[in-house]
Amino acid sequence: KAKEQGRGRYQFFTREINEKAQARLAMESQLRGAAGRGELRLDYQPLYDLRTDCPVGMEALVRWRRPPDLIIPPGSFIPLAEEVGLIGEIGDWVITTACQESAHLFSRHPKGFRVAINVSPRQLRGGAFGDWVCRQLTEAKLSPEQLELEITESVLMDDSPEVGETLRQLCDLGVRLSIDDFGTGYSSLGYLQRYPFDTLKIDRSFVVGAVRDPNAARLVETIVTMAHGLGLETVAEGVETAEQLDFLRACDCDIVQGFLLGRPMSLTDLAERLG
Ligand code: C2E
Ligand code: MG
Ligand code: MG
Ligand code: MG
């Protein structure tokens, strides 16, 4: 009897695993060529300077309109794209599109306004990335300081010399480099010393924690002080309440981003809001 039950359960699990694998395969095959078919689009979330309350830039965030009419957030397809080798074509599309779309918006805004783009580890390998980014800037008529590339700690964990060289090349060009989701990965302090970052983005989880727990608050204060000591600008992610905003201002954080100040939105909506 027990044996029969065991077998039943085994079959149940295999079926479940098969269904998951099938769903993944289906998603993979639909994702292949999605950029070329016009199924990707970018939303932009504004970033505000805490001292002047003025917008200083925006972050481009990719979405996939998966047929027939689902909108898939990046967290649900970027990891798959990375795994199956589709991040190259998606990542290229994101950079080209964000440069072109923002050049249009920037022509009406003072210098110093920038677009931040998320970059996956794979994109930095291979050695050709720096030159390619440079061409995208030229074609879009953007200056390098108007582009910021956001890199998570997982990129840096793969400590290949190519990644370091590419980051230095981009830095020499004048492209800004930002460390994203700071504090959520593995020992990031060494990376801050080793790579030429301009900006440190404090992960949302710390912002949420800071107004609840004095230790978390002290942690955020310390991150800001440390970043400033290293000559880095700080951006706080995921600001949702006025209380969080006040706290960040008191901490001397430089820039804020979050639903309180503006959700990710179409370029047209952002242009309208910026006036
Ligand atoms: P991220 O770079 O840390 O981007 C911030 C995420 O937090 C965005 O989620 C944004 O919508 C969300 N967010 C912003 N403000 C708030 C807030 O006040 N509250 C809450 N709860 N969330 C907020 P999204 O658009 O779903 O993107 C998720 C992640 O996907 C990004 O995290 C980034 O790591 C990745 N990603 C997005 N676009 C790209 C891309 O073009 N390429 C790559 N490689 N990764 C991307
Ligand atoms: Mg980011
Ligand atoms: Mg982030
Ligand atoms: Mg984050």
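Residues numbered from 1 in each chain as written. Chains lettered and ligands numbered in written order. Predicted model: local features only at pLDDT ≥ 70, side-chain atom pairs only at ≥ 80, totals over all residues. Heavy atoms only, no water.

- With an unreviewed UniProt entry as reference, the chain is termed Two-component system response regulator, source organism Paramagnetospirillum kuznetsovii.

**Notes on the overall build of the chain**
Alright, step 1. A tally of regular secondary structure across the chain gives 12 helices and 9 strands.
Alright, step 2. Taking the principal axes of the C-alpha coordinates as reference, the chain spans close to 70 × 50 × 40 Å.
Alright, step 3. The burial tally for the chain puts 48% of its 275 residues in the buried class.
Alright, step 4. Sequence-distant contacts in the chain: of pairs separated by 6 or more residues, those separated by 24 or more amount to 66%. (Helix = DSSP H or I, 4+ residues; strand = E, 2+ residues; numbered from the N terminus. Buried < 20%, exposed > 50% of the residue type's maximum accessible area, 1.4 Å probe, protein only. Contact = heavy atoms within 4.5 Å.)

**Side note on helix 3 (residues 87-106)**
Alright, step 1. Over its 20 residues, helix 3 runs 27 Å from end to end, which matches the ideal 28 Å to within 8%, given 1.5 Å per residue.
Alright, step 2. For helix 3, the full list of buried residues reads Ile87, Ile90, Gly91, Val94, Ile95, Thr97, Ala98, Cys99, Ser102, Ala103, Leu105 and Phe106. (Expected span 1.5 Å × (residues − 1).)

**Overview of the nonpolar core**
Alright, step 1. Membership of the largest hydrophobic core comes to 80 residues, with the highest contact counts inside it found for Phe77 and Leu248.
Alright, step 2. Take this core: its biggest share by element is 9 residues, from helix 3.
Alright, step 3. Ignoring sequence-local partners within four residues, the contact set of Phe77 consists of Met27, Leu31, Leu40, Val62, Arg63, Trp64, Ile72 and Ile90. (Core = buried A, V, L, I, M, F, W, Y, C linked by side-chain atoms within 4.5 Å.)

**Overview of the coordination of the magnesium ion (ligand 3)**
Alright, step 1. Note on the magnesium ion (ligand 3): its protein donors are Asp180 (OD), Asp181 (OD) and Glu237 (OE). The metal-donor distances range over 1.6 to 2.6 Å.
Alright, step 2. Each donor residue of the magnesium ion (ligand 3) lies on one chain, and together they are spaced D-D-x55-E.
Alright, step 3. Here the magnesium ion (ligand 3) and the magnesium ion (ligand 2) are spaced 3.5 Å apart, and both take Asp180 as a donor. Linking Asp181 in strand 6 (residues 176-182) with Glu237 in the loop between strand 8 (233-236) and helix 11 (242-250), this pair joins segments that are 56 residues apart in sequence.
Alright, step 4. Looking at Asp181, the relative accessible area reads 23%, which means it is partly exposed.
Alright, step 5. When its relative accessible area of 10% is taken as the criterion, Glu237 is described as buried. (Donors = N, O, S within 2.8 Å, 3.2 Å for Na, K, Ca; no water.)

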